[in-house]
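# Residue-level structural notes
Residues per chain, in single letters:
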Amino acid sequence: MKRVLVFGGGGSKGAYEIGVWKALDELGLQFDAVCGTSIGALIGTMYVQQDYDKLVELWEKIDVEDVIASGINLDFDMDLLMSQKGKYKELLAGYVQHKGADIRPFKEMLTKLFDADKFFSSDIDFACMCVNVTKRKAQRVFKKDMDADNGVDWLLASSACFPAFPMHTIKEEKYIDGGYSSNVPISLAKAMHADMIVAVDLKYEPKKRHKSTKYLMYIQPHVPLGSFLYFDQTRILRNRTLGYLDTMKAFQRYEGTIYTFYHEEKLLYYEEAIKGSCKEIADYMKGLWKQVEHERYPYLAILEMIAYDFQLEDSCIYHIQELVEHCLDVVDNSMYHGKKIDKERLKEMIKMRTISTKKESILVMLAYLKDNHEQPKLSRLMKETYIKAFLLYQLQKKVL
């Protein structure tokens, strides 16, 4: 059986793929070939070379200026952007001069990481995806097309995220990031005659989850991983951990969706308890159900959404009872605990938009439910809030 590993593109979010690699090694899964796009091509190269420790060492120190000269961490946070305003002049000057950001540091980094001896002597095959702008078509690049002199060039071509990065030229032909054609190049794996594929997608798509099959294991995050040019060490470590945990859950070593749980009887207990409660709000469940119906424990997945709205830590492993108690602790310690909110007050708060966060909306709705059992007419988003508050209400009243 030929196993092929596919790494998707996503810039600094690639830290997630390092966690996936670690989990796959612990699971004892070895691959005959690896395909990648953009950062996935770089990580795939390191996989071919079996340079995991070297890759981890790099990501533990990496900074945006190791990628872009005078670079700025971009996380679409205005306060963060303004705090780095002194660098804009240099960044923009480099952008104009190089027809894209000045990525000389990135080129130097790739040159150091690409070990031609290790790469070409490895039994692990390789392929990456680029887009040939000159010929206006996608271009697959296989290991057999590469050599010691052009290896780094092909990695730069696959990673040329134009217009942020400049186009890369190879033999008078211009290339841009392979993500413009296939960001998760499963087609490459199939072209290499894969019998079993593990594909890693760095894109968070809650309403478009890719289903795994007997021959394709699809791993993707259940929460946003951040911007593709945000090299913050706290974020990088978190994304590495999430990649590891999501992979372990995909292979059923742990349970959960957003959160990670140990296998235990309590999981089924809470699943059935929440399922029983949901019968009372069946009409409200329809929209939210589509997001969770494919999960192993779909009703617990809604509880996980609540925990995420409450900003509970998602990069560790829980006993399910612990997460339930943490959620109820948030309720007990909130400013709305013990307060009464009637129908008119709820309407006013929704109309005046005085509720600023998902967490607050759940807590307000829970306070309403304590004395009002009538289901109010709500917008789609507020229906989701009602479901979450109702589950917390039932957990307080019946389960504990």
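Our subject is the structure that appears above.
To keep things clear, this report deals only with the structure shown in the data block. Everything numeric here is computed off the predicted structure, so don't read it as measured data. (Residues numbered from 1 in each chain as written. Predicted model: local features only at pLDDT ≥ 70, side-chain atom pairs only at ≥ 80, totals over all residues. Heavy atoms only, no water.)

### Observations regarding the environment of T37
Along the chain, T37 turns up in strand β2 (residues 33–37). Each C-alpha atom, one on T37 and one on L155, is 8.7 Å from the other, the two residues being 118 residues apart in sequence. Discounting chain neighbours no more than four positions away, the residues touching T37 are F7, G8, G9, M129, S158, D177, G178, G179, S182, N183 and P185. (Helix = DSSP H or I, 4+ residues; strand = E, 2+ residues; numbered from the N terminus. Contact = heavy atoms within 4.5 Å.)

### What about helix α12 (residues 282–292)?
Of all the residues in α12, the buried ones are Y284, M285, L288, Q291 and V292. Along α12, the residues classed as buried sweep out an arc of 95° about the axis, all on the same side. Opposite its buried face, α12 presents the exposed residues D283, K286 and K290, each directed more than 90 degrees away. (Buried < 20%, exposed > 50% of the residue type's maximum accessible area, 1.4 Å probe, protein only. Arc of directions from axis to C-beta.)

### Focus: the pattern of salt bridges
Counted under the stated rule, the structure contains ten salt bridges. Of the charged contacts, one joins E173 and K135 as a salt bridge, the two residues approaching to 3.7 Å between their closest N and O atoms. Separated by 38 residues along the polypeptide, E173 in strand β6 (residues 173–177) and K135 in the loop between β3 (125–132) and β4 (137–142) bring together distant segments of the chain. A salt bridge links D314 to R238, with the nearest nitrogen and oxygen atoms 2.6 Å apart. Taken together, the residues D314 in the loop between α13 (298–309) and β10 (317–318) and R238 in helix α10 (residues 233–250) connect sequence positions 76 residues apart. On the basis of relative accessible area, R238 is assigned to the partly exposed category, the value being 21%. (Salt bridge = Lys/Arg side-chain N within 4 Å of Asp/Glu carboxyl O.)

### Concerning the nonpolar core
It is characteristic of soluble globular proteins that their nonpolar side chains tend to be buried jointly. Core analysis: the largest hydrophobic core is formed by 119 residues, its most contacted members being W59, F126, L303, F310 and L392. With nine residues, helix α17 (residues 380–399) is the largest single contributor of residues to this core. Both domains that meet at this core, namely domain 1 (1–249) and domain 2 (254–396), each give it at least three residues. In this view, L303 contacts I274, I320, V324, C327 and L395; residues no more than four positions away in its chain are not counted. With 16 residues, the next largest nonpolar core counts F142, V184, I197 and L216 among its residues. (Core = buried A, V, L, I, M, F, W, Y, C linked by side-chain atoms within 4.5 Å. Domains from an automatic or database assignment.)

### Regarding the side chain of D51
Counting through the fold element by element, D51 comes out in the loop between α2 (39–49) and α3 (52–61). Among the residues examined, D51 registers a relative accessible area of 7% and is labelled buried. A distance of 2.9 Å separates polar atoms of two side chains, one belonging to D51 and the other to Q49. Ignoring anything within four residues of it in the chain, the contact list for D51 reads W21, M46 and K118. (Polar contact = N/O pair within 3.5 Å; in protein donor to acceptor, adjacent residues only side chain to side chain.)

### Here we look at the state of the cysteines
Going through the model one piece at a time under the given rule, you end up with zero disulfides. A disulfide-free cysteine, C128 has its sulfur positioned 4.4 Å from the sulfur of C130, the nearest such atom. Residue classification places C128 among the buried positions, given a relative accessible area of 0%. (Disulfide = S-S within 2.5 Å.)

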